[in-house]
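Spelled out from the first residue to the last, the chains are:
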Amino acid sequence: MFRFLAVRSAALCLAIALFSSVASAQLKVGVVNVQKALSDTDELKKSQADLAKKYEPRQAEMDKIQKDLEQIDTQLNSGKLNAQAQGELQAQGTRRQRDQQRLQDDMQADLDKDRQDILSKMSAKMQDVINKLADAKGLDMIVEASQTLYSKPALDLTADATAAYNKANPAK
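An account of the accompanying structure is given in this report. Source: prediction; values computed, not measured.

Cut-offs used in this document
Residues numbered from 1 in each chain as written. Predicted model: local features only at pLDDT ≥ 70, side-chain atom pairs only at ≥ 80, totals over all residues. Heavy atoms only, no water. Core = buried A, V, L, I, M, F, W, Y, C linked by side-chain atoms within 4.5 Å. Buried < 20%, exposed > 50% of the residue type's maximum accessible area, 1.4 Å probe, protein only. Helix = DSSP H or I, 4+ residues; strand = E, 2+ residues; numbered from the N terminus. Contact = heavy atoms within 4.5 Å. 1 Å grid on protein atoms, 1.4 Å probe; cavity = no way out; pocket = protein on both sides within 12 Å on 5 of 7 lines; lining within 4 Å. Points joined across faces, edges and corners; volume = space filled by probe spheres on them. Nonpolar A, V, L, I, M, F, W, Y, C, P; charged D, E, K, R; others polar. Expected span 1.5 Å × (residues − 1). Axes fitted to C-alpha atoms, helices over the stretch in contact; angles between N-to-C directions. Parallel < 35°, antiparallel > 145°, perpendicular 65-115°, else oblique. Left-handed = near helix turned anticlockwise from the far one by under 90°. Salt bridge = Lys/Arg side-chain N within 4 Å of Asp/Glu carboxyl O. Polar contact = N/O pair within 3.5 Å; in protein donor to acceptor, adjacent residues only side chain to side chain.

**Section: the nonpolar core**
Considering soluble globular proteins, one finds that nonpolar side chains tend to be buried as a cluster. One finds Val32, Ala37, Met122, Met126, Leu157, Ala161 and Tyr165 to be the most contacted residues of the largest nonpolar core, which totals 14 residues. Going through the elements one at a time, α2 (34-39), α5 (83-137) and α6 (158-168) are the ones with two or more residues in this core. Considering each element in turn, this core owes the most residues, 6 residues, to α5. Here Met126 is in contact with Val34, Ala37, Leu38, Thr41, Ala161 and Tyr165, once residues within four sequence places are set aside.

Listed below in structure tokens is the structure:
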């Protein structure tokens, strides 16, 4: 019985010694703010400019409708219209407001879809860049900055990730 307890205690001490050496191994960690890294890339900046140019005609059309609505409002408030003309102008204003709202909703939905497509493609590319960055720096783990409560500034690899992304994926 005593021998069994001695063997068991020795095995427990050996296990503790083995685990403590593994636990004390140095873990190399980096931190990346993926959202900032992506927003600072040349590709995203170019994509934003391309989207603005793509939706410029729709925005101009909405601006024109807004000016029309302001003119209608000015005419309605002038007091120079008879009841029939005022009713027709109000109906026209209602139609223009509805047209503007539809244009705005359609444009926003299309813009959101385009942005989501761009970000999903870029996120996949950024993940590859971060994996390569971890290998190059010999890191065991990279964590998202928004998920950490505290990290030393020296662990921040956001700028490195952006630079590596720009190098691997130049804006076209």
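**Looking at the layout of surface pockets**
Of the volumes computed, that of the largest pocket is approximately 170 Å³. Lining the largest pocket are Gln35, Leu38, Ser39, Leu44, Ser47, Gln48, Leu51, Arg115, Ile118 and Leu119. Only α2, α3 (42-54) and α5 provide two or more residues apiece to the lining of the largest pocket. Here the element with the most residues in the lining of the largest pocket is α3; it accounts for 4 residues. By residue class, the composition of the lining of the largest pocket is 5 nonpolar, 4 polar and 1 charged.

**Overview of α5**
Relative to the 81 Å expected for 55 residues at 1.5 Å per residue, α5 spans 77 Å between its end C-alpha atoms, a close match to the ideal helical length. For α5, every residue scored as buried is listed here: Leu89, Gly93, Gln100, Met107, Leu111, Asp114, Met122, Met126, Val129, Ile130, Leu133 and Ala134. Buried-residue contacts for α5 involve β1 (29-32), α2, α3, α4 (56-78), β2 (141-144) and α6. Directly after α5, the chain includes Gly138, whose backbone phi takes a positive value near 70°.

**Notes on the packing of α4 against α5**
Look at α4 against α5: their axes get within 10 Å of each other, and the N-to-C directions meet at 160°. In this view, α4 runs roughly antiparallel relative to α5, as classed from their interaxial angle. Both α4 and α5 take part in a crossing whose hand is left-handed. Tallied by class, the residues present in the contact of α4 with α5 amount to 8 nonpolar, 10 polar and 8 charged.

**Brief notes about the pattern of salt bridges**
A complete count under the given rule lists 9 salt bridges for this structure. Lys36 is the partner of Asp40 in a salt bridge, and the nearest nitrogen-oxygen pair spans 2.7 Å. Put simply, Lys64, Asp68 and Arg96 are held in one network by salt bridges that share partners.

**Digging into the side chain of Glu43**
Structurally, Glu43 is set in helix α3. For Glu43, a relative accessible area of 17% corresponds to the buried category. Within the structure, Glu43 has its side chain in polar contact with the side chain of Lys125 (distance 3.1 Å). Side chain to side chain, Glu43 and Tyr165 meet in a polar contact 2.6 Å long. Those residues in contact with Glu43, other than ones at most four positions away along the chain, are Met122, Lys125, Tyr165, Asn166, Asn169 and Ala171.

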